[in-house]
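Next come the chains, spelled out residue by residue.
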Amino acid sequence: MGEALKQAQMAFDRGEVPVGAVVVAEKRIIARAYNQTEQLNDVTAHAEMLALTSAFNYLGAKYLKECTLYVTLEPCVMCAGAQYWAQLGKLVYGARDIRRGYSIHERNLLHPKTEVVGGLLEVESEALMKSFFSKLRP
């Protein structure tokens with residue numbers, strides 16, 4: 001998760017919403033990404049989406065059953081849907097997203113076999129988000 005936080009800091013430094021993600025397979029990071037919606041003019045360029053795409057390319061496969069995605073913020077519905085289709089093995093996230101996170105919905109949007117762990121480095125992830133938004137809305 002520390003590496004995901006480094007990616008989130010990179011997003012912060014570039015004026016992007018500070019969310020970072022890494023994908024791990026066999027105890028190795030195979031993909032890293034941070035939000036790039038402003039840079040790419042693409043509302044789908046969330047850290048998770050970019051990291052998943054990179055992991056698919058690295059593995060040459062369309063499923064990530066043996067992979068873990070570490071992300072600093074609870075995924076949104078779009079990202080949860082992508083994780084569903086990828087059949088992600090495990091999701092580990094930092095801060096909850098009480099407004100747009102996938103868990104605010106009544107049904108689980110992740111694949112039924114995806115293991116979920118929330119709250120890892122939650123304080124640090126939240127602090128980065130609060131710092132970013134306090135600059136936008138003083």
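One can find the structure itself at the top, above this paragraph.
None of the values given here were measured: they were computed from a predicted structure. (Residues numbered from 1 in each chain as written. Predicted model: local features only at pLDDT ≥ 70, side-chain atom pairs only at ≥ 80, totals over all residues. Heavy atoms only, no water.)

Help me out: how do you make sense of the pairing of strand 4 (residues 90–95) in this one?
Every regular strand shows the same layout, with side chains that alternate between the two sheet faces. A large share of strand 4 lies buried, amounting to five of its six residues. Relative to strand 4, strand 3 (residues 67–73) runs parallel, the two being bridged by five bridges. Bridging from a neighbouring strand, Thr68 pairs with Lys90 of strand 4. Taking the sense of rotation as the criterion, the β-α-β connection linking strand 3, helix 4 (residues 77–86) and strand 4 turns out right-handed. Relative to strand 5 (residues 115–118), strand 4 runs parallel, the two being bridged by four bridges. Each residue of the ladder has a partner; that of Tyr93, found in strand 5, is Gly118. (Buried < 20%, exposed > 50% of the residue type's maximum accessible area, 1.4 Å probe, protein only. Helix = DSSP H or I, 4+ residues; strand = E, 2+ residues; numbered from the N terminus. Pairing = 2+ DSSP bridges. Right-handed = clockwise from strand over helix to strand, strands pointing away.)

What's the story with the side chain of Asp97 in this structure? I'm lost.
Take Asp97: it is sitting in the loop between strand 4 and strand 5. Buried charge without a partner: Asp97 forms no salt bridge, and the closest opposite charge is Arg100, 5.6 Å away. Within the local environment of Asp97, its side chain forms a polar contact with the backbone nitrogen of Arg100, the two atoms lying 3.0 Å apart. Excluding its chain neighbours within four sequence positions, the residues that come into contact with Asp97 are Leu73, Glu74 and Ile104. (Lys, Arg positive; Asp, Glu negative; His and termini not counted. Salt bridge = Lys/Arg side-chain N within 4 Å of Asp/Glu carboxyl O. Polar contact = N/O pair within 3.5 Å; in protein donor to acceptor, adjacent residues only side chain to side chain. Contact = heavy atoms within 4.5 Å.)

Please clarify how the nonpolar core should be interpreted in this entry.
The tendency in soluble globular proteins is for nonpolar side chains to be buried side by side. Val23, Ile30, Leu64, Cys67, Leu69, Leu91 and Tyr102 are the most contacted members of the largest nonpolar core, which totals 26 residues. Looking at this core, the elements that each hand over two or more residues are strand 1 (20–25), strand 2 (28–34), helix 3 (47–59), strand 3, helix 4 and strand 4. Non-local contacts of Leu64, meaning those with residues more than four positions away in its chain, are made with Leu52, Ala55, Phe56, Leu59, Ala86, Gln87, Leu88 and Gly89. (Core = buried A, V, L, I, M, F, W, Y, C linked by side-chain atoms within 4.5 Å.)

Looking at this structure, how should I read the packing of aromatic side chains?
A complete count under the given rule lists three aromatic pairs for this structure. Note on Tyr84 and Trp85: the rings are 5.1 Å apart at their centroids and 85° apart in plane angle, and the pair reads as edge-to-face. Look at Tyr84 and you get partly exposed, because its relative accessible area is 31%. Each ring, one from Phe132 and one from Phe133, has its centre 5.1 Å from the other, and the planes form 85°; the classification is edge-to-face. Under the relative-accessibility criterion, Phe133 is labelled partly exposed at 24%. Site record: aromatic cluster; members linked through ring pairs are Phe12, Phe132 and Phe133. Across the ring face of Tyr63, the terminal group of Lys65 is positioned such that the distance to the ring centre comes to 5.5 Å. (Phe/Tyr/Trp six-rings, centres within 6.5 Å; stacked < 30°, edge-to-face > 60°. Lys NZ or Arg CZ within 6 Å of the ring centre and 35° of its normal.)

By themselves, these observations are geometric and do not establish any function.
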